[in-house]
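Here's the letter readout for the chains.
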Amino acid sequence: MGPHPYESIPLSVAGYAMAAYLLGAHGLMAWKAKVCKEWLIKLPRHHTAGIYTLAVGMSWFWLLIAPDDMGLLSFLSMDIGEFNAVKPWLRLFVPIAFLGMVLYVKEFLFVRALGVLALMVTGPLLAASFNKDPATRLLVPIFSYLLLTKGLFWVGMPYTFRDLATWATASDKRWRILSFSGLGYGALTLLCAVLFWRGH
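Now for a look at the structure at hand. Because the structure is predicted, anything quoted here is derived from the model rather than measured.

## Overview of helix α5 (residues 109-129)
End to end, α5 covers 31 Å across 21 residues, agreeing with the expected 30 Å (1.5 Å per residue, within 8%). One or two steps after α5, the chain reaches N131, where phi turns positive at roughly 60°.

Structure follows, in structure tokens:
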């Protein structure tokens, strides 16, 4: 078997994707502060958004453990070492877990789903930046590990997202600092992707 598709992602592509998210999200936060604050406060309990976000995250995970003989659906299937033996059980557990969460998890479904999605996103980002030469690549794993940590908290302790949203929206100055910090990190990432990361 050849390298997993994650391992074939160029560092520059990961940088462009990360910069697009950071610049887009934080640019919107700075431009439409009032709307974004109201939306962020309501989002943790938005059950419909939780269903769709969870569907994306769980489907992505299922593709990582898909059988090897399903054509296009096997594109992301990966070797998980000593846990390969439990793959068939995981393939059954994922849709059952999805249905169970949609039907019975009424509180903070979106936050838990966002945590699952955050954990999935870190995989390709870390693979793209692993063992690459430019020291500036550390911008990617720093962001990834921060996202990974937040994702674990959001899955296990979803109220932390609500608390963070309350803290961020309580002060206009704090909101501006967060917005422009994200814009700065995104701009730096984009600059590095253009100048230093091509070919890595």
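That was the structure; now back to the text.
## Considerations on the environment of R112
Following the sequence through the fold, R112 ends up in helix α5. Here the alpha-carbon distance between R112 and L54, two residues 58 residues apart in the chain, equals 7.9 Å. Filtering out sequence-adjacent residues up to four positions away, R112 remains in contact with M101, V105, E107, W154, V155 and P158.

## Observations concerning the packing of aromatic side chains
Under the criterion given, the structure shown has 3 aromatic pairs. Between Y21 and F143, the aromatic rings sit 6.2 Å apart at their centres with planes inclined by 55°, giving tilted as the arrangement. Here the residue Y21 occupies a position in helix α1 (residues 11-31), and F143 occupies one in helix α6 (residues 139-156), the gap between them amounting to 122 residues. What makes Y21 partly exposed here is its relative accessible area of 48%. Residue classification places F143 among the buried residues on the basis of a relative accessible area of 13%. Their ring planes at 75° and their centres at 5.3 Å tell us that W154 and F161 sit as a pair that is edge-to-face. No difference in accessibility class separates W154 from F161, as the two residues are buried. Chaining the aromatic ring pairs together yields one cluster made of F110, W154 and F161.

## Quick look at the pattern of salt bridges
This model, assessed by the stated rule, comprises 4 salt bridges. Two residues, E107 and R45, come together in a salt bridge whose shortest N-O distance is 2.2 Å. Of this pair, E107 sits in the loop between α4 (87-104) and α5 while R45 sits in the loop between α2 (33-42) and α3 (47-64), and the two are 62 residues apart along the sequence. Two residues, R162 and D163, come together in a salt bridge whose shortest N-O distance is 3.1 Å. Residue classification places R162 among the partly exposed positions, given a relative accessible area of 33%. On the basis of relative accessible area, D163 is assigned to the partly exposed category, the value being 38%.

## With respect to α2
When we look at burial in α2, the residues that qualify are C36, K37 and L40. Seen along its axis, α2 keeps its buried residues to an arc of 100°; they face one direction. Of the residues in α2, the exposed ones pointing more than 90 degrees away from the buried face are K34, V35, W39 and K42. Buried positions along α2 lie against α1, α7 (159-169) and α8 (172-195).

So, how was this worked out
Residues numbered from 1 in each chain as written. Predicted model: local features only at pLDDT ≥ 70, side-chain atom pairs only at ≥ 80, totals over all residues. Heavy atoms only, no water. Helix = DSSP H or I, 4+ residues; strand = E, 2+ residues; numbered from the N terminus. Expected span 1.5 Å × (residues − 1). Contact = heavy atoms within 4.5 Å. Phe/Tyr/Trp six-rings, centres within 6.5 Å; stacked < 30°, edge-to-face > 60°. Buried < 20%, exposed > 50% of the residue type's maximum accessible area, 1.4 Å probe, protein only. Salt bridge = Lys/Arg side-chain N within 4 Å of Asp/Glu carboxyl O. Arc of directions from axis to C-beta.

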